[in-house]
Amino acid sequence: MIVIAHLSDTHLDGGDRSFERTARVMDHVNAVPVDAVLVTGDIADHGETAEYERARKVLTSPHPVLMCPGNHDVRAPYREVLLDEPPAGGPINQVHRIAGATFAMCDSTVPGKDHGLLDEETIGWLDRRLAEVPGEPVFVCFHHPPVKLGIPYVDEIRQFQEERLAEVIARHPQVVAVLCGHAHTAAATTFAGRPLLVAPGVVSTLTLPWQGGDIADYGAPPGLAFHVLDDEGRLTTHYRTV
């Protein structure tokens, strides 16, 4: 059995509120036995070096922490602070193998834009990485959902040209699920015949169109998902607020 704690959209800035909410979630995650902690983007709010220094402080765990950038992140300081790499501007794609599973962490960001896109470099990288692990479960992870969620505000800035991703996933039956963030709401749907699971937001919760009111609820508690892949290959997701 593999247990993944999945959080997203911490939007760490110079203030205490986002930091304290992220710390609350991490304290909860660090107190339970999970195999990995997945953070699917918008780690910083403005992509500034100081924000990533705060992220490095709070996103610590005895469990492996896997991250990918979101549209609020900036690649150069992200790389320099969180990855201890030179501050280059290319896509941040990483692969991790943990507890018998592979996590393909893809960069769906378009620098300077809010919408998402897996560029040709990333699509090719993903296809090659999946081909390297034909016999073990794989989670494909990024920030932007590649489908409409029925929320106009989010759908306008979702991941586009998703048909290329669908073709890659169709070639690799070992892909268990697609995991993402960006929407600030817990959601479950399908993509390319696989589960597509969206983590709730840490900094805020999106208000659904039929609920009325402001776009985001900043009074709602931070949330996270626990994805459980059992020994029979069945994936179950539990959503929690903290």
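Just above sits the structure.
Residues numbered from 1 in each chain as written. Predicted model: local features only at pLDDT ≥ 70, side-chain atom pairs only at ≥ 80, totals over all residues. Heavy atoms only, no water.

Can you explain the sheet that holds strand β3 (residues 65-68)? Please cite residues and give values.
Read from one edge to the other, the open sheet built from five strands follows the order β3-β2-β1-β14-β15, with strand pairing classed as mixed. Either end of the sheet is taken by a strand with one partner, and the two such strands are β3 and β15 (235-241). Direction aside, the axes of adjacent strands within the sheet are offset by 20 degrees on average. Where strand β1 (residues 2-7) lies against strand β14 (residues 223-229), five bridges are found, and the strand directions are antiparallel. (Pairing = 2+ DSSP bridges. Helix = DSSP H or I, 4+ residues; strand = E, 2+ residues; numbered from the N terminus. Axes fitted to C-alpha atoms, helices over the stretch in contact; angles between N-to-C directions.)

Go over the layout of surface pockets with me, naming the residues and quoting the values.
If you add up the space inside the largest pocket, you get close to 370 Å³. Lining the largest pocket we find 18 residues, and of these His11, His72, Tyr153, His184 and Tyr218 sit closest to its centre. Grouping the constituent residues of the lining of the largest pocket by class yields nine nonpolar, six polar and three charged. (1 Å grid on protein atoms, 1.4 Å probe; cavity = no way out; pocket = protein on both sides within 12 Å on 5 of 7 lines; lining within 4 Å. Points joined across faces, edges and corners; volume = space filled by probe spheres on them. Nonpolar A, V, L, I, M, F, W, Y, C, P; charged D, E, K, R; others polar.)

Break down helix α4 (residues 120-132) for me, citing the residues and quoting the values.
Spanning 13 residues, α4 covers 19 Å between terminal C-alpha atoms, matching the ideal 18 Å at 1.5 Å per step. On its buried side, α4 packs onto β4 (94-98), β5 (101-105), β7 (138-141), α6 (163-170) and β9 (175-180). Where α4 begins, one side-chain oxygen reaches toward the backbone nitrogen of glutamate 121, 3.2 Å away; that side chain belongs to aspartate 119. (Expected span 1.5 Å × (residues − 1). Contact = heavy atoms within 4.5 Å. Polar contact = N/O pair within 3.5 Å; in protein donor to acceptor, adjacent residues only side chain to side chain.)

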